[in-house]
Amino acid sequence: MYRYLLVPIDGSDASGEAVGQAVAYAQSMGARLHFLHVRASDGGSSAACEGHALLARGASAARAQGVACDVELVVDDDPVQAVLAALRSAGCDVLFLANDGASAFTCDLLAHAPVPLLVTAANARALATRTVAVIRAEHRALSQVLRAGMAHVQDVKRGVVLDRKRIAAMVQYLHSFAAQQHHPKEDDYLFPMLRTRSPFVLADLDELARQHQRDRLLLAELAKLADHGSVEALDAALAGYAHFLWDHLGREEGVILPAAQRHLQDADWESLHAAFVGEGDARFGSAARLPFAELFDAVVEPPAPVQA
């Protein structure tokens, strides 16, 4: 059987599915994973940060399931050739791909890869697919806001004036959106349902609940630094928080969401879909989301930075 799987990841929903399924496969077979992210040469520091975040989340998912893994970030404008080169250099014996509807990327790899290909199975339950997509979209929003704040601090180190209002908006978004929108939907709906359906993830659910508590403490410290901290202290605190967040999101996407897709029933997904889309709980409707959208724009699409 296959012992060393190369798993390209790009941040899409299909890629997220691939991470969870690859981890489950590797755990069942005692195999090792090699997560690969290929970014274009013109992506800049923000793209690099995104790539490192995706790889960290994949590694967290593997670690939570006791699966050995390596990660690799490659700068290449030809992703197909980058994947083929990584297969050769890492010595992987199978390529594990996301189900992307037979794109040109997948077809080219199918034609040229020197090893067998495994493609993720599609989820046939529409409500489950849509609900998981919403959860992953919220994860991406949290990650995007954090990356934007980190990128700004890096720009400050290169001569841009520190915009403390932007950093404060970043912390407020991370705290308020998680505390008022994202975590409650997990704590009140997803986690309890999964506890009743699958005893195999109870330890992970307990750890995630603890991390929800720790998240508030870490962001409270970041809020203080946003007001008065030095650039160096902000940089270090953001790096530490990023490590925490990537680990948290990776565990959810690599362990909890795949378990939910395996074990939850259709009635569970109906309730989850209503809650996450905002139809079944007044706390999460479109009106409640509007302040977060404004905060998101303030961090991710601010005015042009001022040079010192």
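Predicted model only: the values in this text are computed from it and were never measured.

**Comments concerning the overall build of the protein chain**
- On a plain count of helices and strands, the protein chain comes out with 10 helices and five strands.
- In summary, the protein chain has a C-alpha radius of gyration of 20 Å against a globular reference of 19 Å for 308 residues, a match within 12%.
- In terms of its C-alpha atoms, the protein chain occupies a principal-axis envelope of roughly 55 × 45 × 30 Å.
- Residue burial in the protein chain is summarised as follows: out of 308 residues, 49% are buried.

**Considering the sheet that holds strand β5 (residues 117-119)**
- Ordered by their spatial adjacency, five strands build an open sheet running β3-β2-β1-β4-β5, and the pairing between neighbours is parallel. Only two strands of the sheet have a single partner each, and these edge strands are β3 (69-75) and β5. Across the sheet, the mean angle separating the axes of adjacent strands is 25 degrees when strand polarity is ignored.
- As paired strands, strand β1 (residues 4-8) and strand β4 (residues 94-97) are joined by two bridges and run parallel to one another. Residue leucine 5 lies in a different strand from β4, and its bridge partner there is valine 94.
- Set on the sheet, helix α3 (residues 79-90) makes contact with β1, β2 (32-39), β3 and β4; between it and β2 the angle comes to about 150 degrees.
- Seen against the sheet, helix α4 (residues 104-112) touches β4 and β5 and runs at an angle of roughly 165 degrees to β4.

**With respect to the nonpolar core**
- One finds Leu146, Met170, Tyr173, Leu174 and Tyr241 to be the most contacted residues of the largest nonpolar core, which totals 34 residues.
- Taken together, the elements giving at least two residues each to this core come down to α2 (44-64), α5 (126-157), α6 (164-197), α7 (202-228), α8 (231-263) and α10 (286-300).
- Per-element accounting of this core gives the leading share, nine residues, to α8.
- When neighbours within four sequence positions are excluded, tyrosine 241 is seen to be in contact with Leu146, Leu174, Asp215, Leu218, Leu219 and Leu222.

**Considerations on the pattern of salt bridges**
- For the coordinates displayed, the defined rule picks out 13 salt bridges.
- Across the salt bridge formed by aspartate 155 and arginine 158, the nearest N and O atoms sit 2.7 Å from each other.
- Glutamate 207 is the salt-bridge partner of arginine 210, the closest N and O atoms lying 3.0 Å from each other. Pair noted here: arginine 210 and glutamate 207 are both in helix α7, with a separation of three residues, about one helical turn.
- Judged by its relative accessible area of 22%, glutamate 207 falls in the partly exposed class.

**Structural notes on the packing of α3 against α4**
- Interhelical geometry of α3 versus α4 gives an angle of 40 degrees and a closest axis separation of 10 Å. With respect to their mutual orientation, α3 and α4 come out oblique. You can see that α3 and α4 cross each other, and the crossing is right-handed. Of the residues in α4, those in contact with Pro79, Val80, Val83 and Leu84 of α3 are Phe105, Asp108, Leu109 and His112.
- Along the lines of polarity and charge, the residues of the contact of α3 with α4 split into six nonpolar, one polar and one charged.

**A few points about the packing of aromatic side chains**
- Here the structure, examined in full by the defined rule, presents five aromatic pairs.
- Between phenylalanine 177 and phenylalanine 292, the ring centres sit 5.5 Å apart and the planes meet at 80 degrees, which makes this aromatic pair edge-to-face. Taken together, the residues span a long stretch of sequence, with phenylalanine 177 in helix α6 and phenylalanine 292 in helix α10 at a distance of 115 residues. As far as the burial class goes, phenylalanine 177 and phenylalanine 292 line up, both buried.
- A connected cluster of aromatic rings, assembled from ring pairs, spans Tyr173, Phe177, Phe292 and Phe296.

**Focus on the side chain of glutamine 211**
- Relative to the helices and strands, glutamine 211 is located in helix α7.
- Ignoring anything within four residues of it in the chain, the contact list for glutamine 211 reads Phe244, Asp247, His248 and Arg251.

**As for the packing of α6 against α7**
- At a minimum axis distance of 10 Å, the contact between α6 and α7 shows a crossing angle of 165 degrees. Classed by the angle they form, the pair α6 and α7 counts as roughly antiparallel. Where α6 crosses over α7, the two elements pack in a sense that is left-handed.
- Residues of the contact of α6 with α7, tallied by class, amount to 15 nonpolar, four polar and eight charged.

Definitions and limits used
Residues numbered from 1 in each chain as written. Predicted model: local features only at pLDDT ≥ 70, side-chain atom pairs only at ≥ 80, totals over all residues. Heavy atoms only, no water. Helix = DSSP H or I, 4+ residues; strand = E, 2+ residues; numbered from the N terminus. Rg over C-alpha atoms; globule rule 2.2 N^0.38 Å. Buried < 20%, exposed > 50% of the residue type's maximum accessible area, 1.4 Å probe, protein only. Pairing = 2+ DSSP bridges. Axes fitted to C-alpha atoms, helices over the stretch in contact; angles between N-to-C directions. Contact = heavy atoms within 4.5 Å. Core = buried A, V, L, I, M, F, W, Y, C linked by side-chain atoms within 4.5 Å. Salt bridge = Lys/Arg side-chain N within 4 Å of Asp/Glu carboxyl O. Parallel < 35°, antiparallel > 145°, perpendicular 65-115°, else oblique. Left-handed = near helix turned anticlockwise from the far one by under 90°. Nonpolar A, V, L, I, M, F, W, Y, C, P; charged D, E, K, R; others polar. Phe/Tyr/Trp six-rings, centres within 6.5 Å; stacked < 30°, edge-to-face > 60°.

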